[in-house]
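# Structure assessment
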Amino acid sequence: MASPEKIQELKDIANKLRIHSVVQTTAANSGHPTSCASAAEVMSVLFFHVMKYTGDFPRHPSSDRFILSKGHAAPVLYAAWAEAGVIPVDELKNLRKIDSELEGHPTPRQSYIDVATGSLGQGLGVSCGMAYCGKYIDKASYRVYCLMGDGESAEGSVWEAFAFASYYKLDNLVAIIDVNRLGQSEAASLGHDLETYRKRADAFGFNAIIVDGHDVEKLIEAFETAAATKDKPTALILKTFKGKGFPNVEDLDNWHGKPLGPQADAALEAVRALIKNNGPHGIKPLAFVDDAPKVDLSAVKLSEPPNYKLGDKHATRKIYGDALVKLGKSCSRVIALDGDTKNSTFSLTYKKAFNDRYVECFIAEQNLVGVGTGLACRDRNIVFCSTFACFLSRAFDQIRMGAISQTNCNFVGSHAGVSIGEDGPSQMALEDFAMFRSVATSICFYPSDAVSTERAIELAARSKGITFTRTTRPATPVIYSNDEKFEVGKGKLVRSSDKDQVTVVGAGVTLFEALSAYDTLKKEDITIRVIDPFTLKPIDTQLLIDSAAATGGRVVTVEDHYPEGGLGEAVCGALTSVKSSVVVRRLAIPEVARSGPGSVLMDKYGISARAIVEAVKDLLK
């Protein structure tokens, strides 16, 4: 237990955090000072009594992790780092200015922030990934703390994370719910019913503790209990008041997300009156145990090159698992995650080879992405998250926030398009490329055969930012030699001559429909150029421009995807700089599909070899 002097100093720091929050948001004329005020004591206790870190190296591999899931309370986080000496106090007045790193919600542009927050309900999933890494991969002493708001506990992703943390017995994780009663537009659904929050957390397998969130001594006791708890995570349920300490503001509606305005001076005067020591505090962060292992991810590569026979057929979803194993042999920090589809995505192959580097996330795709993001933080691991491609759409917000978080996380989606056949439209990803191409920093791979799939997975592992690789259910023949070189943003001329009349661009299963069309048309003395783009983002613009010019400006794209956002639009975007006339005929899935044999569906919806032949002939009329 802390001494009376230390407790008073922590109280003083809490009130200084309130003052900093008011000053920041008043200068910015925007922000969330009342949300900061409810969390002032817990932030003071965390940063100046509980957490172990150094301001000289905030993202040190061995230091404790803190995630502010209620990202709108960013000013109190910046204030804590200022009191810790990491941010100059004068810089706080630049909150939300265009030339300041102190953005409205936390982002990793700041050296002391691991992930972006602000889209609520996501911080705990990321924290689970960090805690899993600490307990099972790093096997280190650092602990993870996640501060959430009560309003965001309505998000289902929060409870996906609760279930994960309990299942994996993450006793190095503390989830903190700041129950300040008020949401944005009205009171949160449970108000101050802390017992219901406690029962929910307890039911999910947490050591759940109700605490007066404005009582420094009680908070210290609760964190000590959390540190002593083994084999289960802890949830601290804090009873707090929004705008705590601000006269005519505290616990009142209609103060969310706005500066105090005319009430600011009275608030500052009231809070300053509570501070016993107005001078600099003498508390230094606690030293951490430097026991996280050193990690080098640069050596990751296929342990051996592809070894396939031309013409043999392989499903690229199966090759994904084989490629992962090859990566795992070269680097012990390759981690695979899945959502109970491992026997279909073939991440099961990796689990069998490296069970201690596989994480089952069950049917909770939002948490799958959150955990993956957490595992990738601080460059501790090379992470691959796989499931059916259509189910990744459920986690689009987590993926979008991952891009803002500058995460290096790789996503692999199988069972895409109508070619999967009888399972029907609910299982057919037909918008996956539209989704991932819209994500900042993303690279989108669409390998067509076994060789290109292995190289795509290798390139993904070595790339920065988010990657997406679409794998397919049908087996496709090997068309590339084992020593073929692949690069991000470089496509392949699979068929070409100096007499080509039309350029046809296909990818994955449709590449082989294009090759079949090539054979049919050749018998009629019509030659087409066939392109495999390999990556849809970035797409090989120069190859497309050159090919369009060589074929009289006639281009056909064919994709197992809706017309919006996929291969056709990528090709059209690449050709916008062409000054001469170019005509692009786009073949894509025009409507919600139905069940049936894959080949029948491809023909029905106009992406088969027959449809390509017709489109080519039509362009040549």
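Everything discussed here concerns the structure shown above.
Here we summarise the structure given alongside this text. In this text, all values refer to a predicted model and were calculated from it rather than measured experimentally.

A word on the pairing of strand 3 (residues 173-179). Counting buried residues along strand 3, seven of its seven residues qualify, which places the element largely inside the surrounding structure. The two faces of strand 3 match: Leu-173, Ala-175, Ile-177 and Val-179 on one face and Val-174, Ile-176 and Asp-178 on the other face are all buried. Of the pairings in the sheet, the one linking strand 2 (residues 144-149) to strand 3 comprises six bridges and is parallel in character. Directly across from Gly-149, in strand 3, lies its bridge partner Asp-178. Between strand 2 and its parallel partner strand 3, the chain crosses via helix 6 (residues 156-167), and the hand of that crossover is right-handed.

Moving on to the nonpolar core. Grouped together as the largest cluster of nonpolar side chains are 149 residues, with contacts concentrated most on Phe-162, Leu-337, Leu-375, Phe-384, Phe-411 and Val-418. Apart from the residues within four sequence positions on either side, Phe-411 is in contact with Val-369, Cys-385, Leu-392, Ile-399, Phe-436, Ile-466, Thr-467, Phe-468 and Thr-469. Listed in part, the 49 residues of the second largest apolar core include Ala-2, Val-45, Leu-92 and Val-211.

Taken in spatial order, the five strands line up as 1-2-3-5-4 in an open sheet, and their pairing is parallel. One side of each edge strand has no neighbouring strand; the edge strands of this open sheet are strand 1 (65-68) and strand 4 (207-212). When the angles between neighbouring strand axes are averaged without regard to direction, this sheet yields 20 degrees. Strand direction decides the pairing type here: strand 1 and strand 2, joined by four bridges, are parallel. The residue of strand 2 that forms the bridge with Ile-67 is Cys-146. Along the sheet, helix 5 (residues 123-137) makes contact with strand 1, strand 2 and strand 3, crossing strand 2 at roughly 175 degrees. Contacts from helix 8 (residues 216-228) reach strand 2, strand 3, strand 4 and strand 5 (234-239), with the element oriented near 170 degrees to strand 4.

What follows concerns the packing of aromatic side chains. The tally for this structure, following the rule as stated, stands at 27 aromatic pairs. Relative to Tyr-168, the ring of Tyr-167 lies with its centre 4.8 Å away and its plane at 90 degrees, an arrangement referred to as edge-to-face. A residue is classified by how much of its surface remains accessible, and Tyr-168, at 13% relative accessible area, is buried. One aromatic cluster is present, built from ring pairs that chain together Phe-47, Phe-48, Tyr-53, Phe-66, Trp-81 and Tyr-112. Stacked on the ring of Phe-354, the Lys or Arg Arg-357 has its end atom at 3.9 Å from the ring centre. Positioned above the aromatic ring of Phe-486 is the side chain of Lys-492, whose terminal nitrogen or guanidinium carbon lies 4.8 Å from the ring centre.

Taking 1.5 Å of rise per residue, 13 residues should cover 18 Å, and helix 8 covers 19 Å from first to last C-alpha, within 8% of that figure. Within helix 8, the full set of buried residues consists of Val-216, Leu-219, Ile-220, Ala-222, Phe-223 and Ala-226. The buried residues of helix 8 occupy one face: seen down the axis, they fall within an arc of 165 degrees. Contacts made by the buried residues of helix 8 are with helix 1 (4-28), helix 3 (40-50), strand 2, strand 3, strand 4 and strand 5. A side-chain oxygen of the first residue of helix 8 lies 3.0 Å from the backbone nitrogen of Glu-217; this N-cap is Asp-215.

Relative to the assigned elements, Ser-21 resides in helix 1. Only 2.8 Å separates the side chain of Ser-21 from the backbone oxygen of Leu-17, close enough to count as a polar contact. Aside from chain neighbours lying at most four places away, what touches Ser-21 is Pro-33, Cys-36, Pro-75 and Val-76.

Now for the sheet that holds strand 18 (residues 554-558). With mixed pairing, the five strands of this open sheet are ordered in space as 14-16-15-18-19. Since the sheet does not close on itself, it has two edges, and those belong to strand 14 (492-495) and strand 19 (583-587), each with one partner. Within this sheet the neighbouring strands show an average axis-to-axis angle of 25 degrees, counted without direction. In this sheet, strand 16 (residues 528-532) lies alongside strand 15 (residues 502-506) in parallel orientation, the contact comprising four bridges. Residue pairing across strands places Val-505 opposite Ile-531, the latter belonging to strand 16. Sheet strands in contact with helix 18 (residues 541-550) are strand 14, strand 15, strand 16 and strand 18, and its direction is about 170 degrees off that of strand 16.

Here is what the cut-offs are and how they apply
- Each chain carries its own residue numbering, running from 1 in the direction its sequence is written.
- Confidence filtering applies because this is a predicted model: local features only for residues at pLDDT of at least 70, side-chain atom pairs given and counted only at 80 or more, and all residues used for totals across whole chains, interfaces and linings.
- The side-chain values count all of the structure's non-hydrogen atoms but skip hydrogen atoms and water molecules.
- Burial here depends on accessible area, computed with a 1.4 Å probe over protein chains only, as a share of the maximum for the residue type. Under 20% is buried, over 50% is exposed, and the range in between is partly exposed.
- Secondary structure elements follow DSSP: runs of H or I of four or more residues count as helices, runs of E of two or more count as strands, with numbering from the N terminus.
- Strands qualify as paired when DSSP identifies two bridges or more between them.
- Crossover handedness is defined by viewing with both strands directed away from the observer: a clockwise path from the first strand over the helix to the second marks the crossover as right-handed.
- Joining through side-chain atoms within 4.5 Å is the link that ties buried Ala, Val, Leu, Ile, Met, Phe, Trp, Tyr and Cys residues into a set, and such a set is a nonpolar core.
- Only heavy atoms matter for contacts: two residues are in contact if any of them lie within 4.5 Å across the pair.
- Note on geometry: axes are lines fitted to C-alpha atoms, helical ones only across the stretch in contact, with angles between N-to-C directions running from 0 to 180 degrees.
- Pairing of aromatic side chains requires ring centres within 6.5 Å, counting the rings of Phe and Tyr and the six-membered ring of Trp. Pairs whose planes differ by under 30 degrees are stacked, by over 60 edge-to-face, and all others tilted.
- Counted as over-ring charges are cases with an Arg CZ or a Lys NZ within 6 Å of the ring centre that also lie within 35 degrees of the ring normal.
- Take the number of residues in a helix, subtract one, and multiply by 1.5 Å to get its expected span.
- To obtain the arc, one takes the directions from the helix axis to the C-beta atoms.
- Each polar contact in these results corresponds to two N or O atoms within 3.5 Å; when the atoms are within protein, one needs to be able to donate a hydrogen and the other to accept it, and residues that are neighboring in sequence are counted only if both atoms are side-chain atoms.

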